[in-house]
Amino acid sequence: MHLNPYGEDAVKLAADLANRRPTTPAELAGRCREAGMVLERPVTPDDLVRVHAVLDAWEKVVDTGDEHERATLVNRMLAESAAYPRMTDHAGDWHLHYRDDRQPLGAVLFALISVGTALHLVGRGMHRLRRCAVGECAAIFADTSRTGRQRYCSPRCANRDAVRRHRASRTASGT
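Not measured: the values here are computed from a predicted model. (Residues numbered from 1 in each chain as written. Predicted model: local features only at pLDDT ≥ 70, side-chain atom pairs only at ≥ 80, totals over all residues. Heavy atoms only, no water.)

(A) Expanded view of the overall build of the protein. Counting its regular elements, the protein contains six helices and four strands. The principal-axis extents of the C-alpha atoms in the protein amount to approximately 65 × 40 × 30 Å. In the protein, which comprises 175 residues, the proportion classed as buried is 40%. Long-range contacts, defined here as pairs at least 24 residues apart, represent 51% of the contacts in the protein between residues at least 6 apart. (Helix = DSSP H or I, 4+ residues; strand = E, 2+ residues; numbered from the N terminus. Buried < 20%, exposed > 50% of the residue type's maximum accessible area, 1.4 Å probe, protein only. Contact = heavy atoms within 4.5 Å.)

(B) Helix H4 (residues 67-81), seen in detail. Here H4 is 15 residues long and its end C-alpha atoms lie 21 Å apart, about the 21 Å a rise of 1.5 Å per residue gives. Those residues of H4 that sit buried are Arg-70, Leu-73, Val-74, Met-77 and Ser-81. Looking down the long axis of H4, one finds its buried residues gathered within 95° of arc, a one-sided arrangement. Exposed positions of H4 whose direction lies more than 90 degrees from the buried face are His-68 and Ala-79. The inward-facing, buried residues of H4 contact helix H3 (45-63), helix H5 (105-124) and strand E3 (129-131). (Expected span 1.5 Å × (residues − 1). Arc of directions from axis to C-beta.)

(C) Geometry of the nonpolar core. Judged by nonpolar contacts, the single largest core of 35 residues is most densely connected at Leu-28, Met-37, Trp-58, Leu-105, Leu-109, Ile-113 and Leu-129. Within the residue set of this core, elements represented by two or more residues are helix H1 (7-19), helix H2 (25-34), H3, H4, H5 and strand E4 (140-142). Broken down by element, this core gets its largest block of residues, eight residues, from H5. Not counting chain neighbours up to four residues away, the residues in contact with Leu-109 comprise Leu-13, Leu-17, Leu-28, Cys-32, Met-37 and Val-51. Formed by six residues, the second largest nonpolar core is a distinct cluster that contains Cys-132, Val-134, Ala-139 and Cys-157. (Core = buried A, V, L, I, M, F, W, Y, C linked by side-chain atoms within 4.5 Å.)

Structural data, given as structure tokens:
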């Protein structure tokens, strides 16, 4: 049985927001709409502050290498953000929300990111959320690859690292 309406998209949105944090309520609203969210209320400066706090907590989840610590941090986020699941048809189709109705965007994103991260990690693997392996790149990504061995945030970083390793091997061999 596959019950994961949020996981991948929510974690990708969290990574996008963490990698390039929105600086205005309008930017936050636009990027959420681009990700397919339906915004029920105006986005306020308080929402922006709340989202930055959520992203701070989420980055701690990303940066821990210990599975149990990662689970503890996600469970803490879930306890602070999520309500019981409820059915809604506000966007025209029936679906589940893991939050109370009519919440401001900051609270919605807190629940969405928390539940999405939990679903992603238990569904794909506890190791499938990390930062890029290229040292000078701190970008976060959700590993949605088939094999679960993604190391880079983008093909650009993968290519950059491959070129660096190739040049280092040529230097080491004296050619």
